[in-house]
Amino acid sequence: MNEKQQSRSKKLHDLSLLLKKNKCSTAYSKSAASSGVSWPDANDSDCSNKQKQIDSTINAVKSALAGFGVLAPTSSQQQVWNRSIPSTLYQTPKCTPALTTIMPLSRVPPGAKICGQQPSNNDGNADVLVEVWKHSLTSNEESGNQAAGDVQHRPLQGNLSSKLSEYTRGTMGVRRPFRPGGMDDDDDEYQDDDIKEDIATTVESKYLSEEAVTNARRALTLGSKKAWEEGILITSPPGVSFRVGLSYDDVFTDGDNLEMVDNSGGDDEDGDELAAKVAALSMDDDVGTAATFAGNAFAVPSSTIWDKKIFDDDSLFGESTSGSESDSEESEDDNIEEEVNDDLETSEVAEEKPPAKEPEFLSPEDEVDSLLAEMKHTLQSPIDRAMAEKKVSTSIHPNLSTGSSDDQKNTKNRKSWAVTDYIPLTDDADFHTLCPNPALTFPFELDDFQKQAILRLEKRQCVFLAAHTSAGKTVCAEYAVALAKKHCTRAIYTSPIKALSNQKYRDFRSKFGEDVGLITGDMQIGADGSCLIMTTEILRSMLYRGADLIRDIEWVIFDEVHYINDSERGVVWEEVIIMLPEYVNMIFLSATTPNTIEFSEWIGRTKRKPVHVIRTNYRPVPLSHHLWAGHKMHKIMEGKQGFDSKGYAAASKALLPASARAKVDAKSNKGGSKANTTTGKQSSVPGKPASGSKLTSWQQQGTKQDWISLTRHLEKEGLMPTVTFSFSKKKCEEIANQLRSLDLNTAAERNLVQSFAIQTVARLSPKDQILPQVVNTVEMVKRGVGVHHGGLLPILKEMVEILFSRNLIKILFATETFAMGVNMPARSVVFNAIRKHDGVQFRELQPGEYVQMAGRAGRRGLDTVGTVVLCCFGDHPPPQTMLKNMLTGSSTKLQSQFRLTYTMILNLLRVEDMSVEGMIKRSFSEFATQRALTNNEYPKLLTRGTKTLAKLDEEFKHDVDSRIGAEDIEEYYASSSNVLSSAKELLCYILSSGGTGGGALVAGRLVLVTSARKHGYVRAPAVVLKPPTPSSNISSASSNESDGIVCIVLLPQSYTSVKDKEGEPVLGDLNYVGLQKDRFYVIHELSLDEILLVSDKKCKIDSNVLLKEKSSSMSIRRGALGNPFAGARSMQRREADDPFAGMNARGKKNDDTSRNKPSVSQETQVVDDVVTFLMNSEETELQTGLGVLDLRDCAKNMHQGNSAVEFGAAYARYEQNITLLRHFRSHYHPILEIHYKVVDRREILRSRVRTLRKLLSNESLQLFPDFLQRKALLQTLGYVDENDTVCLKGRVACEVNTCEGLIVTEMVFGGLLSELEPTEIVAALSALIFQEKTDEEFDSELPERLVASCNGMKAIALDLGQRQKDHGLPVDPLEYCATSLKMGLVHVVYEWACGVPFSSICELTDVQEGSIVRCITRLDELCREVRNCARVVGNPTLYRKMEMASEAIKRDIVFASSLYVS
């Protein structure tokens, strides 16, 4: 027994003695009675009985206290309450909430006051819990430093996710809603509309019921405030409290007695004065609520503490705000669009707020019309929406205020995933203060954009760094590598090409030591290093295979991201970005692009994390652009200054012949200032050729003397080293050979070059050392001249790069790959031409391409300006507009090159965490579409439309008894829709040439019109008053709306007039409703899709009586929207107009108006005749049927080609539909319009719901049809079964990434490779690798088996191409075979595998040595992939053959070690 229990026992014993002494005391009796203890009467004389009763009572109290643990239990007693009694059990509930809160010290915002002494940070523990005053955490409205929607206004991160963490008991992760790719689940169960299984049923827990899980998910969707109001949450959201404290019944019962204070702020029952004041305050705030307690009240309007937006919607799936720049675009939440199909048939979705402009009380029909109008407005394109807003149309029924979708759109700012906020750097908080312990220091002062990037990396945030070439983007990559090394994790550096990977390996290895690895297709060095350099394809293969290395990655650095525009390999970047796990941080290094924000927005939305965009147009060394003309340099632009036309004119003049130049000088001297002006005008396009080949004279190439002169000038001006870009491998070699007479190196430099060249060539075999390319290159670099292109041997290419970086090569002739793959700046850059062949056609350089190459000019720290020279060797310089666009135009936008491949589909079908549809949906190509779907609130409209449609269907079933005589109204509506569609198709065709369509819609023509929901009439007779205008004909042919077809329509007998209002239209105006012969009629403007039938009857009518000219001008103005010159008069007519027109002579009356205006009796007679004609026509239609106008006669002179046959077939369908329409009973029903309108609303709503569902489903994806076709082909070939399970052939195809996997798989399963020898196998496979166009004639020296296998490969390719075409893919079998197989190096590779020297195989083909080496190198990678295919199939013979084939080609110069690696 401890001391505390002994003290309590002693006090209880003293109490019992005191009770014995005062057992007759009335006070103690009352006290005991109030405690529920029955004491004996004081007047009782039997003291022994009294003593027994007292002892029994005391023993009972002791036993109870011992059971609760207050007293120590005896041996015969048992303690039933093992928890200590909290002190709050003996206290009355407080009437005010706590004034302090507990939170981690690291989360305490600036300015918050800590209760008590602030703990020190000497121990390094920043997460110690501290007590903070609540009032110091409120938003300071007086300071005004924080925006209204800032994240800091959130109450201590008190959103719903933290409140429900214990309530949901972790069941949110049961379905794995977030995959390693960082996106939501793509399980087909969520997408299938037929499977509406509730999510909660998949959770199996003995602690949670299905109802509890459903309520938790509903609360996460609604937000805490709405969930609390509906009784889902037992805890109150910020700003709302309960009237009394929680009691036992409130927690452990159904909570029926729980009372809440209405936020209207009513008076309290006790009439407390403070409660009344608080209620008065809350009346002025639509968010604040009061929390009152018994006899007391305490509340603070929440608007004075926190941001209202947080309380309105703090749901887990709601949007939040971001501090991004004002021009950031809206982003959407993928959870809504992926879960919308699950919620269509359930009532678990939050109810929509009514539109802001909608009346308080609407009939059910008006509510449906309002929803239909909102859906139509949302589904319209922006142009159609603007046209619809300008169009004015009035219905005979009361107008409905539907409210646009923009009014119902959430006005809160959505979160932008692309953040452009910079971290402010001040004197007190500079870079070194914010980053006191950097992972890597640099020997130079960092630029501002580099500091911003490093600070973001320290916070482990994703960064997109866009800067010019040589601006210092590599600093960001190096710091990320240092961070990974510091954190004992890994950093992956990806590059677009292998050459850049080798160079970065050398650079990083010299900086970080041995902890750097390199993984390429043909080598693997230091794979356990903290920094791994690889190509993007290697990283993609690791992600598909789930390599263990992925778990240790912290950073992935994507260099040269603008390479995503590459049509062949750009898709690899998108695949890797999408598949990277969410815990991996990414760094993107790119040149300046105009859509950096959009691309970063896509990355952030895909990975569900913000991407900090750091852009800078700062160029450390500004560029100066010149034209080389007349053996001189003419400056045309420098730095950020504009284009210099004077420099262009001087270059143009310098290219003129001497005689022409003398004439120009003579004219300028003779003409004075006037001539100067004229010369200035001519100089914009000086000496412009009129026609012929002179138009392209600026494309001429320079001669030997031209290049020698240019090289001497660059050497004299100190502009070396120089990179000369030429877009042809042969041209690079040709120009370099023209400079054989020049020696640009000194004697010392020649010795250094010769020494390094000897070391390089020593790596080759003696036979390879005497190769012509090796000898020529070594001789060339000694003189300071180099060549760099894809046809150069890899080891020679690396030798040239290293010598150029050491300033031992003065002029280098290179192709475009040098600017993309090698980071080696020069003093100047020269362009031999500004036209290139992009694989399809010749074109001029784009501004982005020019900037990428010109940016190599200027070495930071060495040059003050980088010189760019454009060679002009013809008679004229390039056109000035072309140069302006190239020098000052915007960079190339980042565009998606995403496409589906069979390997991608098979790999994704094998992976559980990602589906093919999910990959397409997350691609950059679908980003704009997916964002627009959510921004247009399609999911919410779909939910509302589905619920309304279900309600309408149920009502239609119950109202079957009210449709007597119209039981077939649904079939009639379908037939009527077919007639309307056919009539519109025919009328659009005959009106396309203008006029009245051959008299079809001439004034007086009788037509039947249907406009049930808009105007309230069906198959109503009408007479055309005004035929369509030419402008409306065009619009009607291209859209659903048509202007200018004005008719007088006989309204149905069920129509009732409305009260006259001021400003009602009169006879002659549109939308005028009149009464004649007890029938109402109206003048309406109709569209072509409202004309049901064109009759052969006409009515003689004076349209000027029934339609005024001003009414028709409205349609002209609306038709003029597409033509800004509509209604304008010609100049001849304007001049011929009478200037005194409209003026009257003095003393004469103007009788024109009275003469033209018809009398009242004339108007009545005309209206009477027309209404009589319409009534008779209505009766004729109901009895025998009106005659139909033969529209084929109206279109006789309009047909071209097969249009007559097509028009005749369409008219035949039109007549057939009309005949079918008149067979329904509903056609003759007296109140047809009422029943028709009900079906019309329902079917239109069904159609729009179907459209919305399709937009939100996978069917709306652009590549979804392509995916279905490719998957069907894979199922036909046996790669995938009917359950989308990858079969054996599919698993074999997944092993091939180097070439077309289907061809290789068919070769393996067809036994085509098993019959060949290893040398023949590798020769046949070379046809899948080689890409250049050469002579593909087979040599007679090749073995017959090899020739037969090559022919078999062609047969396989043709068969696959034909199968793809049969499945609907746009594939030409012959073209597919020609692009997939190129036999140009079959003989070369065969001889190489047989051991023939490299010098000998080069004589067999015109292909350059570098291309041969690159083909054989990639061929070794393909051999390993085919070897893996043999392992999967279980073919050991083929496995050994592929190993032997790989060994046969790995020798000598082809696989010489890289200079960067060894």
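Structure's up top.
Please read all numbers here as calculations on a predicted model, not as lab measurements. (Residues numbered from 1 in each chain as written. Predicted model: local features only at pLDDT ≥ 70, side-chain atom pairs only at ≥ 80, totals over all residues. Heavy atoms only, no water.)

Caption draft 1: Quick peek at the overall build of the protein chain. In terms of regular secondary structure, the protein chain is built from 56 helices and 28 strands. Out of the 1462 residues belonging to the protein chain, those deemed buried represent 48%. Taking the contacts inside the protein chain whose residues are at least 6 apart along the sequence as the reference set, 74% of them involve residues at least 24 apart. For the protein chain, the computed accessible surface area is about 72100 Å², with 50% contributed by carbon and sulfur atoms. (Helix = DSSP H or I, 4+ residues; strand = E, 2+ residues; numbered from the N terminus. Buried < 20%, exposed > 50% of the residue type's maximum accessible area, 1.4 Å probe, protein only. Contact = heavy atoms within 4.5 Å. Areas by Shrake-Rupley, 256 points an atom, 1.4 Å probe, with all protein chains shown as cover.)

Caption draft 2: Inspection of helix α19 (residues 536–545) at higher detail. Of all the ten residues making up α19, nine are buried; the element is thus mostly covered by neighbouring parts of the structure. For α19, the set of buried residues is Thr 536, Glu 537, Ile 538, Leu 539, Arg 540, Ser 541, Met 542, Leu 543 and Tyr 544. Count one or two residues on from α19 and you reach Gly 546, which has phi positive near 65 degrees.

Caption draft 3: The arrangement of helix α55 (residues 1409–1433) in detail. The end-to-end C-alpha distance of α55, which contains 25 residues, comes to 36 Å, matching closely the 36 Å that a straight helix rising 1.5 Å per residue would cover. Once α55 finishes, Gly 1434 follows within two positions and takes phi at roughly 95 degrees, a positive value. (Expected span 1.5 Å × (residues − 1).)

Caption draft 4: Inspection of the environment of Tyr 989 at higher detail. Structurally, Tyr 989 is set in helix α37 (residues 969–991). According to the relative accessible area criterion, Tyr 989 is partly exposed, its value standing at 24%. Spatially, the C-alpha atom of Tyr 989 lies 8.4 Å from that of Ala 1195, the residues being 206 residues apart in sequence.

Caption draft 5: Representation of the pattern of salt bridges within the structure. Per the stated rule, a full pass over the model turns up 41 salt bridges. We note a salt bridge from Arg 506 to Asp 507, for which the minimum N-O separation is 3.6 Å. Taking relative accessible area as the criterion, Arg 506 reaches 27% and is therefore assigned partly exposed. Asp 507 sits in the partly exposed class, given a relative accessible area of 27%. Across the pair Arg 1424 and Asp 1420 runs a salt bridge whose closest N-O atoms are separated by 2.6 Å. Here the residue Arg 1424 and the residue Asp 1420 both occupy positions in helix α55, the gap between them amounting to four residues, near one helical turn. (Salt bridge = Lys/Arg side-chain N within 4 Å of Asp/Glu carboxyl O.)

Caption draft 6: Layout of the pairing of strand β7 (residues 490–495). Extensive coverage of β7 is indicated by the burial of six of its six residues. Here β7 shows two buried faces, one formed by Arg 490, Ile 492 and Thr 494 and the other by Ala 491, Tyr 493 and Ser 495. Sheet topology note: the β7/strand β11 (residues 553–558) ladder contains five bridges and is parallel. From the neighbouring strand, Tyr 493 faces β11, where its bridge partner is Ile 557. Pairing between β7 and strand β10 (residues 531–535): five bridges, direction parallel. By the bridge assignment, Ile 492 is partnered in β10 with Leu 532. (Pairing = 2+ DSSP bridges.)

Caption draft 7: Main features of unusual backbone geometry. Following Met 720, the chain continues to Pro 721 via a peptide bond in cis, the omega torsion being 10 degrees. Turning to its location among the elements, Pro 721 is positioned in the loop between α24 (704–716) and β16 (722–725). Although it is not a glycine, Arg 1019 sits at a positive phi angle of roughly 40 degrees. Within the element layout of this structure, Arg 1019 appears in strand β24 (residues 1017–1026).

Caption draft 8: Highlighting the sheet that holds strand β27 (residues 1079–1086). One open sheet accounts for six strands, arranged β26-β27-β25-β24-β23-β28; its pairing is antiparallel. Two strands lie at the open edges of the sheet, namely β26 (1073–1076) and β28 (1091–1098), each paired on one side alone. Shown here is a sheet whose adjacent strand axes are inclined to one another by a mean of 30 degrees, direction ignored. Relative to the sheet, helix α46 (residues 1232–1256) contacts β23 (1005–1011) and β24, its axis offset from that of β24 by approximately 100 degrees. (Axes fitted to C-alpha atoms, helices over the stretch in contact; angles between N-to-C directions.)

Caption draft 9: View of the packing of helix α26 (residues 747–761) against helix α29 (residues 794–805). Contact geometry of α26 with α29 gives a least axis separation of 11 Å together with a crossing angle of 155 degrees. Between α26 and α29, the angle is such that the two are roughly antiparallel. Crossing of α26 against α29: the hand is right-handed. When α26 is examined against α29, the residues Val 753, Phe 756, Ala 757 and Thr 760 are found in contact with a partner set consisting of Ile 795, Met 799, Ile 802 and Leu 803. Classifying every residue of the contact of α26 with α29 gives seven nonpolar, one polar and no charged. (Parallel < 35°, antiparallel > 145°, perpendicular 65-115°, else oblique. Left-handed = near helix turned anticlockwise from the far one by under 90°. Nonpolar A, V, L, I, M, F, W, Y, C, P; charged D, E, K, R; others polar.)

Caption draft 10: Examining the sheet that holds strand β13 (residues 611–615) more closely. Taking strand neighbours across the sheet as the criterion, the nine strands line up as β5-β13-β6-β12-β11-β7-β10-β8-β9 in an open arrangement whose pairing is mixed. Each of the sheet's edge strands pairs with one partner strand only, and the pair in question is β5 (418–419) and β9 (524–525). Direction of pairing for β5 relative to β13: parallel, over a ladder of two bridges. Within β13, the position partnered with Ala 418 by the bridge is Val 611. Against the sheet, helix α17 (residues 474–486) engages β6 (462–466), β7, β10, β11 and β12 (585–590), with an angle of about 165 degrees to β11. Against the sheet, helix α21 (residues 596–607) makes contact with β5, β6, β12 and β13, and its axis sits at roughly 160 degrees relative to β13, the strand it touches most.

Caption draft 11: Region of the structure containing a negative patch on the surface. A surface patch of like charges, here negative, comprises Glu 365, Glu 954, Glu 955, Asp 959 and Asp 961. Relative to the elements of secondary structure, Asp 961 occurs in the loop between α36 (938–958) and α37. The class for Asp 961 is exposed, based on a relative accessible area of 63%. (Patch = residues over 30% accessible without salt bridge, like charges linked within 9 Å, V, L, I, M, F, W, Y side chains within 5 Å. Lys, Arg positive; Asp, Glu negative; His and termini not counted. Charge placed at Lys NZ, Arg CZ, Asp CG, Glu CD.)

Caption draft 12: View of the environment of Phe 508. Within the secondary structure layout, Phe 508 lies in helix α18 (residues 498–512). A residue is classified by how much of its surface remains accessible, and Phe 508, at 1% relative accessible area, is buried. With 27 residues separating them along the chain, Phe 508 and Val 481 place their C-alpha atoms 9.0 Å apart. If near-sequence neighbours (up to four positions away) are discounted, Phe 508 is found in contact with Thr 474, Glu 478, Val 481, Tyr 493, Gly 513, Val 516, Cys 531 and Ile 533.

Caption draft 13: Representation of the packing of aromatic side chains in the model. Tallying each qualifying case throughout the model produces 26 aromatic pairs. Measuring from centroid to centroid gives 5.8 Å for Phe 442 and Phe 444, while their planes differ by 45 degrees, and the two rings are tilted. The buried category is assigned to Phe 442, whose relative accessible area is 15%. Residue Phe 444 is classed as partly exposed on the basis of its relative accessible area of 44%. Judged by centre distance (6.3 Å) and plane angle (50 degrees), the ring pair of Phe 643 and Tyr 648 falls under tilted. One aromatic cluster in this structure is built from Phe 464, Phe 558, Phe 588, Phe 599, Trp 602, Phe 924 and Phe 927. Lying over the aromatic face of Phe 956, Arg 1242 brings its terminal NZ or CZ to 4.2 Å of the ring centre. For the cation-ring pair, Lys 1289 lies above Phe 1309, with the distance from its terminal atom to the ring centre recorded as 5.8 Å. (Phe/Tyr/Trp six-rings, centres within 6.5 Å; stacked < 30°, edge-to-face > 60°. Lys NZ or Arg CZ within 6 Å of the ring centre and 35° of its normal.)

Caption draft 14: Inspection of the packing of α55 against helix α56 (residues 1436–1449) at higher detail. Across the interface, α55 lies against α56 with an axial gap of 8 Å and an inter-helix angle of 165 degrees. Our classification of the angle between α55 and α56 gives roughly antiparallel. The handedness of the crossing between α55 and α56 comes out as left-handed. Residues Ile 1416, Leu 1419, Asp 1420, Cys 1423, Val 1426, Arg 1427, Ala 1430 and Arg 1431 of α55 pack against Leu 1438, Tyr 1439, Met 1442, Glu 1443, Ala 1445, Ser 1446 and Ile 1449 of α56. Residues belonging to the contact of α55 with α56 are distributed by class as follows: ten nonpolar, one polar and four charged.

Caption draft 15: Fine view of the pairing of strand β17 (residues 785–788). Residues Val 785 and Val 787 of β17 are buried on one face, and the alternating residues Gly 786 and His 788, pointing to the opposite face, are buried as well. As paired elements, β17 and strand β18 (residues 811–814) share four bridges and run parallel to each other. What sits directly across from Val 787, in β18, is Phe 813. Remark: the β17/α29/β18 crossover connection has right-handed handedness. (Right-handed = clockwise from strand over helix to strand, strands pointing away.)

Caption draft 16: Fine view of the environment of Glu 1215. Tracing the sequence through the fold places Glu 1215 in helix α45 (residues 1203–1221). Owing to a relative accessible area of 34%, Glu 1215 belongs among the partly exposed residues under this scheme. The spacing of Glu 1215 and Leu 1093 is 122 residues in sequence and 9.8 Å in space, taken between C-alpha atoms.

Caption draft 17: Just the nonpolar core, in detail. If you look at the biggest cluster of nonpolar residues, it comprises 180 residues, and the most contacted ones within it are Phe 464, Phe 558, Phe 599, Phe 831 and Phe 1398. The element contributing the most residues to this core is α55, with eleven residues. If we skip the residues at most four places from it in the chain, Phe 599 touches Phe 464, Val 561, Ile 564, Ile 577, Leu 894 and Phe 924. By size, the runner-up hydrophobic cluster in this structure holds 87 residues, among which are Leu 1051, Leu 1093, Leu 1189 and Val 1239. (Core = buried A, V, L, I, M, F, W, Y, C linked by side-chain atoms within 4.5 Å.)

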